[in-house]
Amino acid sequence: MRHNGQPVILASSLPPNLISLSERSCTLVACPECGRWKSIKRGMVTPHRGPHVPGADAWPAEFRPSPPRCPGSGQRIRIDLTFEEWRARLAAGCRQAGQRRRTRVMPRPKPPAMRAIVQMAAH
Ligand SMILES: [Zn+2]
């Protein structure tokens, strides 16, 4: 498999919730193009097919052309984090999210409904 020609993405530059390091199984990463979780083999996102081309729904399922290769296939990812470093980043991110204030909902007054043209003519 060849890489997709895009510059190498460092694991440390990705948000920690878009990558999954594990001591026991392979590293997973959310594909930078389509967002689906894919394993990393030989430093690259495993090849996968992207979303269907627009209009593919019009075809019956048995004749539907398979979606094209996702441009995120073969994206080079360099794992420059240890499992412990990644866990620490993830925990820090969770703490920050917990400290964030929730947004206050400001109800906005609704504009008066427009009269129907028939009602306007009556006045
Ligand atoms: Zn993808």
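Below or above, wherever it landed, is the structure these notes cover. (Residues numbered from 1 in each chain as written. Predicted model: local features only at pLDDT ≥ 70, side-chain atom pairs only at ≥ 80, totals over all residues. Heavy atoms only, no water.)

1. Notes on the side chain of Thr46
Counting through the fold element by element, Thr46 comes out in the loop between β5 (44-45) and β6 (77-78). A relative accessible area of 13% means that Thr46 is categorised as buried. Setting aside chain neighbours within four positions, we find Thr46 in contact with Lys38, Ser39, Lys41 and Ser73. (Helix = DSSP H or I, 4+ residues; strand = E, 2+ residues; numbered from the N terminus. Buried < 20%, exposed > 50% of the residue type's maximum accessible area, 1.4 Å probe, protein only. Contact = heavy atoms within 4.5 Å.)

2. Section: the sheet that holds strand β2 (residues 19-20)
Reading across the sheet, the four strands line up as β2-β3-β4-β5 and stay open at both edges, with antiparallel pairing between neighbours. Two strands close off the open sheet at either side, each with one partner strand: β2 and β5. (Pairing = 2+ DSSP bridges.)

3. Points about the packing of aromatic side chains
We describe a pair of aromatic rings using the distance from one ring centre to the other and the angle between the two ring planes. In the structure shown here, the tally under the stated rule is one aromatic pair. Seen in terms of ring centroids, Phe83 and Trp86 are 6.1 Å apart; in terms of plane orientation they differ by 45°. Their pairing is tilted. Of this pair, Phe83 and Trp86 both sit in helix α1 (residues 83-99), three residues apart, which is roughly one turn of the helix. Residue Trp86 is classed as buried on the basis of its relative accessible area, which comes to 6%. (Phe/Tyr/Trp six-rings, centres within 6.5 Å; stacked < 30°, edge-to-face > 60°.)

Note that every value here comes from positions in space, so none of it alone points to a role or purpose.
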